[in-house]
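Structure at a glance
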Amino acid sequence: MDFAAIDFETANSAVSSACSLGIAVVENNLITRTKEWYFKPVPFHFDYFNTLIHGITARDVAHCPGFDGVWDEVLEAIGGKTLVAHYAPFDISVLGALIHVYELRTPGFDYFCSCELSRKVWRNLVNHKLDTVCEHLNIELDHHNAASDAAGSAQIVLKATAEFTACGKNIHPCLNIKKALF
């Protein structure tokens with residue numbers, strides 16, 4: 001299975017205020033690379049609560065480009081791949097907002113949610129938050145570091161796939177793949 005797991009961190013409550021993006025690229029059921037980018041959010045201000053969660057400040061991104069300055073590199077990493085995120089509605093909406101704000105070209109993407117998948121595979125967990133699922137699966141996680149969260153999401157998909165394969169089942173019907181409409 002090939003896909004790209006993504007995770008955004010935001011500076012404030014605006015959906016377009018991403019200040020960090022992590023990607024974990026999966027090829028042939030292996031994470032082949034991870035990458036994290038910092039960039040200036042739109043609008044450019046940081047809420048105390050957001051910084052408390054992820055630790056990123058205005059000073060950290062002051063000399064970074066906007067998202068449009070990293071888009072070509074991001075698109076090279078994720079282009080043509082199905083995207084996955086833990087609670088994908090949030091991350092896909094952030095990506096869509098950034099594409100709209102910066103008027104970026106996009107080939108369009110299919111995506112699915114590793115949180116939704118984890119609810120189907122590990123039903124008895126107390127909750128299906130990223131850190132809970134990763135702890136259950138012994139996946140190392142530096143929670144709210146975008147690259148680590150993306151890698152955690154990717155590993156959840158890989159472990160779910162392994163469980164289905166071990167039982168002789170196909171995981172694809174459980175993925176609930178959707179088309180992102182930007």
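Up top is the structure.
Rules of the game
- Residues numbered from 1 in each chain as written.
- Predicted model: local features only at pLDDT ≥ 70, side-chain atom pairs only at ≥ 80, totals over all residues.
- Heavy atoms only, no water.
- Helix = DSSP H or I, 4+ residues; strand = E, 2+ residues; numbered from the N terminus.
- Rg over C-alpha atoms; globule rule 2.2 N^0.38 Å.
- Buried < 20%, exposed > 50% of the residue type's maximum accessible area, 1.4 Å probe, protein only.
- Contact = heavy atoms within 4.5 Å.
- Areas by Shrake-Rupley, 256 points an atom, 1.4 Å probe, with all protein chains shown as cover.
- Lys, Arg positive; Asp, Glu negative; His and termini not counted.
- Charge placed at Lys NZ, Arg CZ, Asp CG, Glu CD.
- Axes fitted to C-alpha atoms, helices over the stretch in contact; angles between N-to-C directions.
- Left-handed = near helix turned anticlockwise from the far one by under 90°.
- Nonpolar A, V, L, I, M, F, W, Y, C, P; charged D, E, K, R; others polar.
- Pairing = 2+ DSSP bridges.
- Salt bridge = Lys/Arg side-chain N within 4 Å of Asp/Glu carboxyl O.

Looking now at the overall build of the protein. Broken down by element type, the protein carries eight helices and six strands. In the protein, the succession of α and β elements from N to C terminus is β-β-β-α-α-α-β-α-β-α-α-α-α-β. In summary, the protein has a C-alpha radius of gyration of 16 Å against a globular reference of 16 Å for 182 residues, a match within 12%. Within the protein, the proportion of its 182 residues that are buried is 50%. Look at the contacts in the protein between residues 6 or more apart in sequence, and 66% of them connect residues 24 or more apart. For the protein, the accessible area works out to roughly 9100 Å², and carbon and sulfur atoms hold 51% of it. The distance from the centre of the 14 positive side-chain charges to the centre of the 21 negative ones in the protein is 6 Å.

Another point: the packing of helix α5 (residues 114-121) against helix α7 (residues 146-166). Two numbers describe how α5 lies on α7: the axes approach to 10 Å, and their chain directions differ by 35°. Our pair here, α5 against α7, has a crossing hand that is left-handed. On α7, the residues touching Ser114, Leu117, Ser118 and Val121 of α5 are Ser153, Ile156, Val157, Ala160, Glu163 and Phe164. The residue inventory of the contact of α5 with α7, partitioned by class, reads six nonpolar, three polar and one charged.

Right, let's get into the environment of Gly80. Looking at where Gly80 falls in the secondary structure, it is placed in the loop between α3 (71-78) and β4 (82-85). Sequence separation between Gly80 and Asp110 is 30 residues, and the spatial gap between their C-alpha atoms is 9.0 Å.

For strand β1 (residues 3-10), a buried count of eight out of eight residues is recorded, marking the element as mostly surrounded by other parts of the structure. Residues Phe3, Ala5, Asp7 and Glu9 of β1 are buried on one face, and the alternating residues Ala4, Ile6, Phe8 and Thr10, pointing to the opposite face, are buried as well. Summarising the sheet, β1 and strand β2 (residues 18-27) pair through eight bridges and their orientation is antiparallel. The residue of β2 that forms the bridge with Ala5 is Ala24. Across three bridges, the pairing between β1 and β4 is parallel. Considered in β4, the bridge of Phe3 is made with Thr82.

A cis amide bond links Val42 to the next residue, Pro43, at an omega of 0°. Tracing the sequence through the fold places Pro43 in the loop between β3 (30-38) and α1 (48-54). Not every positive phi belongs to a glycine, and Asn28 is a case in point at roughly 55°. Tracing the backbone through its elements, the reader meets Asn28 in the loop between β2 and β3. Non-glycine residue His144 carries a positive phi angle of around 75°. Tracing the chain through its elements places His144 in the loop between α6 (130-136) and α7.

With that out of the way, let us pick up the pattern of salt bridges. The full count for this structure, using the stated rule, is six salt bridges. Where Glu116 meets Lys120, a salt bridge forms, and the shortest distance between an N and an O atom there is 3.7 Å. Here the residue Glu116 and the residue Lys120 both occupy positions in helix α5, the gap between them amounting to four residues, near one helical turn. The exposure class of Lys120 is partly exposed, given its relative accessible area of 31%.

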